[in-house]
Amino acid sequence: MPIRNKSLGLLYFFAIAVFPIRFTLASNMILCSYVYILEKKIVPFIAIVICASMIHRTAIAFLPMYFICQYKFSFKILMIIYIGAMVLGALAEYTFGNLLQIAAATYGFAGSAVQTKMDAYVTGEIPDRLQMTPIRYLMSMVNSTFFILLFYYFKRKYFSSNAVYGLLFTLYVLGISFNRIFLQTIPDIARMTSFFTGGFIIMIIMIISSLKRKFQILATIAVISYIFLSYNSSINGYYKNLFNPYYSVFSGNVHRIMY
């Protein structure tokens, strides 16, 4: 089915994905590698992943997905993985204690810059803004479960034979499962979910394209609202200390507007 909301996709990738930090730039390069998983072209896939890892080293972790995604996962298997990840994540405080100590020892031979970075990722404390209260954690579970079921419903109804949608759905569930494991213990590693869920907006656009015209308009308005709210919360929340050379056109500061 053709995608008729290309402008919505461009808006999403400009406002959310093309974000002024290394990680999201690497994530978007990884997104470009999805097509080579589908086409079973390992050389260009590896080339893109290696290039992305030069921007952010964690991108190299996506390499195994080429081989993993050659297997056709049933929805039942994906749900078993997802539920298992939630259980493991809930027990993470107890199960990862010794593993983190082992991990800290394995990179002892690395240079000081690498050691400092790994200490921040693995053994550092979770900032207050990333602390998962029971309510936030529950809402996060509800949100991810909702989208998994939503995407699966449309997969069965409209995209059962669509290889692109099938790959994006598989990557999304595996990525969310990865996130569930590390979310409460190592949030900096949990954000690697972005490597797997780059197809989120593509599936949303495909779903909108399958709706009747009047529902397409309502759904598009809802997605655009979500895009701007997400971007605003990122700029003024998580990355509030990030240097950003752009200012609002509504700013009363003449110097900002002119220069």
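What counts and how
Residues numbered from 1 in each chain as written. Predicted model: local features only at pLDDT ≥ 70, side-chain atom pairs only at ≥ 80, totals over all residues. Heavy atoms only, no water. Salt bridge = Lys/Arg side-chain N within 4 Å of Asp/Glu carboxyl O. Buried < 20%, exposed > 50% of the residue type's maximum accessible area, 1.4 Å probe, protein only. Helix = DSSP H or I, 4+ residues; strand = E, 2+ residues; numbered from the N terminus. Contact = heavy atoms within 4.5 Å. Core = buried A, V, L, I, M, F, W, Y, C linked by side-chain atoms within 4.5 Å. Expected span 1.5 Å × (residues − 1). Axes fitted to C-alpha atoms, helices over the stretch in contact; angles between N-to-C directions. Parallel < 35°, antiparallel > 145°, perpendicular 65-115°, else oblique. Left-handed = near helix turned anticlockwise from the far one by under 90°. Nonpolar A, V, L, I, M, F, W, Y, C, P; charged D, E, K, R; others polar. Patch = residues over 30% accessible without salt bridge, like charges linked within 9 Å, V, L, I, M, F, W, Y side chains within 5 Å. Areas by Shrake-Rupley, 256 points an atom, 1.4 Å probe, with all protein chains shown as cover. Arc of directions from axis to C-beta. Polar contact = N/O pair within 3.5 Å; in protein donor to acceptor, adjacent residues only side chain to side chain. Phe/Tyr/Trp six-rings, centres within 6.5 Å; stacked < 30°, edge-to-face > 60°.

**Here we look at the pattern of salt bridges**
And step 1. As enumerated under the stated definition, the model contains one salt bridge in all.
And step 2. Lys41 serves as the salt-bridge partner of Glu39, at 3.4 Å between the closest nitrogen and oxygen.
And step 3. Glu39 gets classed as partly exposed once you look at its relative accessible area, which sits at 41%.

**Looking at the environment of Phe62**
And step 1. For Phe62, the position within the fold is in the loop between helix H3 (42-55) and helix H4 (65-68).
And step 2. According to the relative accessible area criterion, Phe62 is buried, its value standing at 1%.
And step 3. Not counting the four nearest positions on each side in its chain, Phe62 is found in contact with Ile30, Ser33, Tyr34, Ile37, Phe45, Val49, Leu171, Phe195 and Phe196.

**What about the nonpolar core?**
And step 1. In terms of nonpolar packing, the biggest core is built from 48 residues, with Phe62, Phe151, Tyr165 and Phe195 touching the most fellow members.
And step 2. Those elements that provide at least two residues to this core are helix H2 (22-38), H3, H4, helix H5 (75-90), helix H9 (134-157), helix H10 (163-182), helix H12 (200-209) and helix H13 (213-238).
And step 3. Counting residues per element, this core draws most heavily on H10, which supplies eleven residues.
And step 4. Excluding residues within four positions of it along the chain, Tyr165 makes contact with Phe151, Phe154, Lys155, Phe159, Met203, Met206 and Ile207.

**Comments concerning H9**
Residues that lie three or four places apart on an α-helix share one face, since the helix turns once every 3.6 residues.
And step 1. For H9, built from 24 residues, the straight-helix expectation of 34 Å at 1.5 Å per residue is met to within 8% by its first-to-last C-alpha distance of 35 Å.
And step 2. Buried within H9 we find Tyr137, Ser140, Met141, Ser144, Phe147, Ile148, Phe151 and Phe154.
And step 3. Packed against the buried residues of H9 are H5, H10 and H12.

**Examining the packing of H9 against H12**
And step 1. Where H9 contacts H12, the two axes come as close as 11 Å, and the packing angle between them is 45°. For the element pair H9 / H12, the angle class is oblique. Of the two possible hands of crossing, H9 and H12 adopt the one that is left-handed. Here Phe147, Phe151 and Phe154 of H9 lie close against H12, whose contacting residues are Phe200, Met203, Ile204 and Ile207.
And step 2. Classifying every residue of the contact of H9 with H12 by side-chain character gives seven nonpolar, no polar and no charged.

**Observations regarding a nonpolar patch on the surface**
And step 1. A contiguous nonpolar surface patch, about 660 Å² in accessible area, is contributed by Ile42, Val43, Ile46, Ile50, Met54, Ile60 and Phe67.
And step 2. Sorting elements by how many residues they give to the nonpolar patch places H3 first, with five residues.
And step 3. In this structure, Phe67 sits in helix H4.
And step 4. For Phe67, a relative accessible area of 55% translates into the label exposed.

**A word on H5**
And step 1. Between its first and last C-alpha atoms H5 spans 22 Å; for 16 residues at 1.5 Å apiece the expected length is 22 Å, and the two agree.
And step 2. Buried within H5 we find Leu78, Met79, Tyr82, Ala85 and Gly89. The buried residues of H5 occupy an angular sector of 125° when the element is viewed end-on, so they sit on one face. For H5, exposure combined with an orientation more than 90 degrees from the buried face picks out Lys76 and Ile80.

**So, the side chain of Arg180**
And step 1. Counting through the fold element by element, Arg180 comes out in helix H10.
And step 2. At a separation of 2.8 Å, a polar atom in the side chain of Arg180 contacts the side chain of Ser140.
And step 3. In this structure, Arg180 is in contact with Tyr82, Ala85, Met86, Gly89, Tyr137, Ser140, Met141 and Ser144, ignoring residues within four places of it in sequence.

**Topic: the packing of aromatic side chains**
And step 1. Applying the stated criterion to the full structure yields 20 aromatic pairs.
And step 2. Ring centres of Phe147 and Phe151 lie 5.9 Å apart, and the angle between their planes is 35°; this geometry places the pair in the tilted category. Of this pair, Phe147 and Phe151 both sit in helix H9, four residues apart, which is roughly one turn of that helix. Each member of the pair, Phe147 as well as Phe151, carries the same accessibility label: buried.
And step 3. By the ring-pair criterion, three or more aromatic residues cluster together here, those being Tyr34, Phe45, Phe62, Tyr66, Phe67, Phe178 and Phe196.

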